[in-house]
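# Descriptive structure summary
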Amino acid sequence: MSPELVTILMFVGIFIGVATGFPLAFVIGSLGVIFAFVADISLSIISIRAFGVVTTYIFACIPLFVFMGCMMERSGCAELAYGTLHRWMGGLKGGLASTTVLICTLFAATTGIIGASVTTMGLVALPAMLKRGYDKPLASGCVCAGGTLGILIPPSIMLVLYAPQAGVSVARMFMGAFLPGLLLAVLFIAYISVRCYINPSLGPSLPPEERPKIPRRQNLIMGAKSLFPPLFLILAVLGSIFFGVAAPTEAAGVGALGAIILAAIYGKLNLGNLKAASYTCLRISTMIMFIALGANLFTGTFLRVGCGKVVSNFVLGLGLGPWGIFALLLFFIFLLGMFIDWVGILLVMVPIFCPILHGLGFDPLWLGLVICISLQMSFLTPPFAYSIFYLKGLKIEGLTLTDLYKGVVPFLGLQALGTALCIIFPQIVTFIPSLMYAPR
Amino acid sequence: MGEVVVRMRHFLKTIESTSEWVGKSASWIVLALMGVMVLSTVLRYAFNKAPVWGYDLTWMLYAAYFLLGGAYCLLHEGHVRVDFLSERLPPRPRSILEVVCYVIFFFPLFYVLVRYGIDYAVYSWVTGERSPFAHIWAPPIGPIKTVMVIGFLLLALQGVAYFIKHLFAATRGKLP
C-alpha cells in the first residue's frame, strides 16, 4: 500500500471512528495497530511505543497537577474567594461577570481539570448573576469562556502534553503561557465592562441596600483570609518553576501537598474529600494518558509508513509560503476543534504538522503557545463544545441552550483576537521565558 | 437459558468489581508519587544532590498509576467520546454500533498490546534488563512491564464486559 493511500485512509479512519462516538483513545490507538499490520510493520514495535509513553518522566506532572486541582476544588476556596470578590466588586456595572472571569483566572490551577471551573462557577456565580437580572447570554458566556482560561494558564496539563512532542521545556512553556492567559482575561473583563457601561441593564450593579454591611476592616481581613492561601500556593508553584528552584514535576508534587494543606486550613480535609479527589484524579489522568498512548501509536505508524513526508510534500507544494501554511494549520485546528476535544487534536496534530513548521523556521516555543491559545476555542465551538456541555449538564433554571450558544460567540471573537495579538506581537509569548533562569 | 444469563451476570459483576477495586486501590498511588516528589525535593536541597532513586521511582509510580486505572476509567465511562451524533440514536442501534466499534477499534488494539506486551515483559525478566535512565540505581524493569501487561489485560476484560452487555442489548433489546 502506498504511503499516500495510507495517509488518506488513516485520516478517514479517524473521522469515521470519532463520528461513531467510541472513545477517542481506542479509535486512534487501534488505527495505529491496524495500519501497522496492513503496512507490514513488526507489531512488537507497538509495545515499545507504548512503553515509551509509560516512561515519559515529565508526564508524572499530570496526575499531580490534576490532584492539586481536585483537592483545591474540594477545599471550597474558589467559592470563598468568589464571595469576597462579590462583595468587593458587586457595586461595579457587570461586576459579577468580571468577578467570574477573575476567579477563573486566579483558580486556573484548579481548572487544569477540564470542566471543573465551568461547573464550580456555573453553580456559584451563574445563579447569583441571573438573580440580579444579568443578561443570560452574557452571564453564561463569561462562565464558559472563563472556564477555558484554566486550560491555558499554568500549571496547565495542555502544555505538559505539548512540550515533549515539540522538544520544548515544560517550564518555559508554562512561563510563556502566562501573559497570553492574562491577556485573554483582560480582554474578557474589558469586554464585559464596556458592554455593561454602555447598557447597564445587561449587568446591573448591586443596589446599595443589597451590599453586605460589614466594617471595612473586617471586610479586608475576611477577604485576605479567603484569597491569600490559594494565591500563595499557586504563586509558590509557578514561582519555583520560574526561578529554577524546582523542576515542574517537583513543583507539581509540592503543589499537591500544598493543596491538601489548603483543604486542611479550610477545614475540608477528611477521608471523604480525599477519596473523591483521588478517584476523580484517577479518572481524568487516565483518560488523558490513554489518549496520549493511542495518539502515540497512531502517529508512530503514520510517520513510520512515510505519511509524514506525504503530508509535508502536500502542504509545501501548495505554494502558500510559511505564513500561509501557518494560517492553514490554525484554521485546520479551529475546524477540528468543533468536533474533537483538544487532547486528541494536540497529540495527533503536533507530531505530524509541527516538524513542517519548525523546518520553515518558526520558533517552537512561540508556535506551541499560539497553537495552545487557539485550541481554547475548541471548548466553545459547537457542535462539540466542552464548556457548553458542562454548563448544560448543570440544568440551570431559565437558561436555554440558545442562551448558551449566543453567549459564547463574542468570547470566541475575543479568543481569536487574543490569538491574533500573540501572533502580531510574539513578545507577549516570549518575554517572560526570556527572563527565566536558564534551564539546567 | 435463564441459567446462562445468571452466569453471565455473575461474570460481568466479577469483572466490574475487579476494575473498581483495582482502580480505587491504584488511585492512592498519586499520594505515593507526591511523597516521592516532595521527599526528593527536600533531599535535593538538604544534600545538594537529587537522590538516585528519584527519577526511576517517579516514572514507575506514574506508569503504574495510569495503567492500573485504565479499567476503572472505562468502567465509569471516563474515556472521552465525541458522542453528539451517537447520542441521538435510540438505545438498540446504539448498542449495535458499540458492538461493531469494540470489534474494530478495541479488540485489535488490546490483543496486540497484551500479546506483544507479554513477550516484551518476559524478555526483560529473562535478560534481567535494568532501567536505562539512571546511572547509579537502575532498578530492574521487568516488574513495571508486567504491570503494563496486567493493566492492559484488565482494561481489555472490562472492554469484554461492555462488549457482552451491548451484544446482549443489541440482540435482546435490553441490558442484561
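Notes on the structure follow. (Residues numbered from 1 in each chain as written. Chains lettered and ligands numbered in written order. Predicted model: local features only at pLDDT ≥ 70, side-chain atom pairs only at ≥ 80, totals over all residues. Heavy atoms only, no water.)

## Some words on empty space enclosed by the protein
All names here are of chain A. Put simply, the rule reads: Using a 1 Å grid laid over the protein atoms alone, points where a 1.4 Å probe fits but cannot get out form a cavity; open sets with protein on both sides within 12 Å along at least 5 of 7 lines form a pocket; any residue with an atom within 4 Å of a point counts as lining. Grid points are joined across faces, edges and corners, and a volume is the space filled by probe spheres set on the points. Only runs of H or I of at least four residues qualify as helices and only runs of E of at least two qualify as strands under DSSP, and these elements are numbered from the N terminus.
Here the structure, examined in full by the defined rule, presents six cavities of 30 Å³ or more. Lining the largest cavity we find F11, I14, F15, L24, I28, F332, L336, I340, G344, I345, V348 and M349. Put simply, the parts of the chain that give the lining of the largest cavity at least two residues each are α1 (3-19), α2 (24-38), α16 (321-337) and α17 (342-359). Among the elements that take part in the lining of the largest cavity, α17 stands out by supplying four residues, more than any other.

## Quick word on the interface of chain B and chain A
Test applied: In this analysis, two residues are considered to be in contact whenever any of their non-hydrogen atoms come within 4.5 Å of each other. Computed with a 1.4 Å rolling probe, the buried area is the accessible surface lost when two parts are put together, summed over both parts. Note on definitions: salt bridges are taken to be side-chain nitrogens of Lys or Arg within 4 Å of carboxyl oxygens of Asp or Glu. The term polar contact refers here to a pair of N or O atoms within 3.5 Å; inside protein, the definition further demands a hydrogen-donor-capable atom paired with an acceptor-capable atom, and it admits residues adjacent in sequence only when both atoms are side-chain atoms. Throughout, the ten residues Ala, Val, Leu, Ile, Met, Phe, Trp, Tyr, Cys and Pro are labelled nonpolar, Asp, Glu, Lys and Arg are labelled charged, and all others, Gly among them, are labelled polar.
Between chain B and chain A, the residue contacts involve 58 residues of the former and 63 residues of the latter. Between chain B and chain A lies a buried interface of about 5,600 Å² when both sides are counted; carbon and sulfur atoms form 78% of it. Of all residues in chain B, Y62, V80 and F105 of chain B bury the most surface against chain A, accounting for 13% of the area lost on that side. The tally of links between chain B and chain A comes to one salt bridge. Measuring nitrogen to oxygen at the nearest pair gives 2.7 Å for the salt bridge that ties R44 of chain B to E250 of chain A. Linking chain B to chain A there are eleven residue pairs in polar contact (both at pLDDT 80 or more). Mapped by element, the contributors of at least two residues to the side of chain B that touches chain A are α1 (2-26), α2 (29-47), α3 (54-75), α4 (91-127) and α5 (142-172) of chain B. Broken down by element, the side of chain B that touches chain A gets its largest block of residues, 15 residues, from α4 of chain B. Of the residues in the side of chain B that touches chain A, the class split is 41 nonpolar, eleven polar and six charged.

## Concerning the layout of surface pockets
Residues and elements named next belong to chain B. Approximately 1,200 Å³ is the volume found for the largest pocket. Forming the boundary of the largest pocket are 42 residues, of which E77, G78, H79, R81 and D83 lie nearest the centre. Taken together, the residues of the lining of the largest pocket break down into 18 nonpolar, eleven polar and 13 charged.

## Side note on the pattern of salt bridges
Side-chain pairs of opposite charge can arise whenever the charged atoms involved come near each other. Residues and elements named next belong to chain B. This is how the line gets drawn: Relative accessibility under 20% of the residue-type maximum defines a buried residue, over 50% an exposed one, and the middle range a partly exposed one, all with a 1.4 Å probe and only protein chains included.
Summed over the entire model, instances satisfying the criterion amount to eight salt bridges over all chains. Across the salt bridge formed by D119 and R115, the nearest N and O atoms sit 3.0 Å from each other. With D119 and R115 both in helix α4, this residue pair falls four residues apart, about one helical turn. For D119, a relative accessible area of 41% corresponds to the partly exposed category. For R115, a relative accessible area of 35% translates into the label partly exposed. In this structure, the salt-bridge partner of E129 is K145, at a minimum N-O distance of 3.1 Å. Placement of the pair is E129 in the loop between α4 and α5 and K145 in helix α5, with a sequence separation of 16 residues. A cluster of three or more residues bridged by salt bridges with shared partners is formed by E77, R81 and E98.

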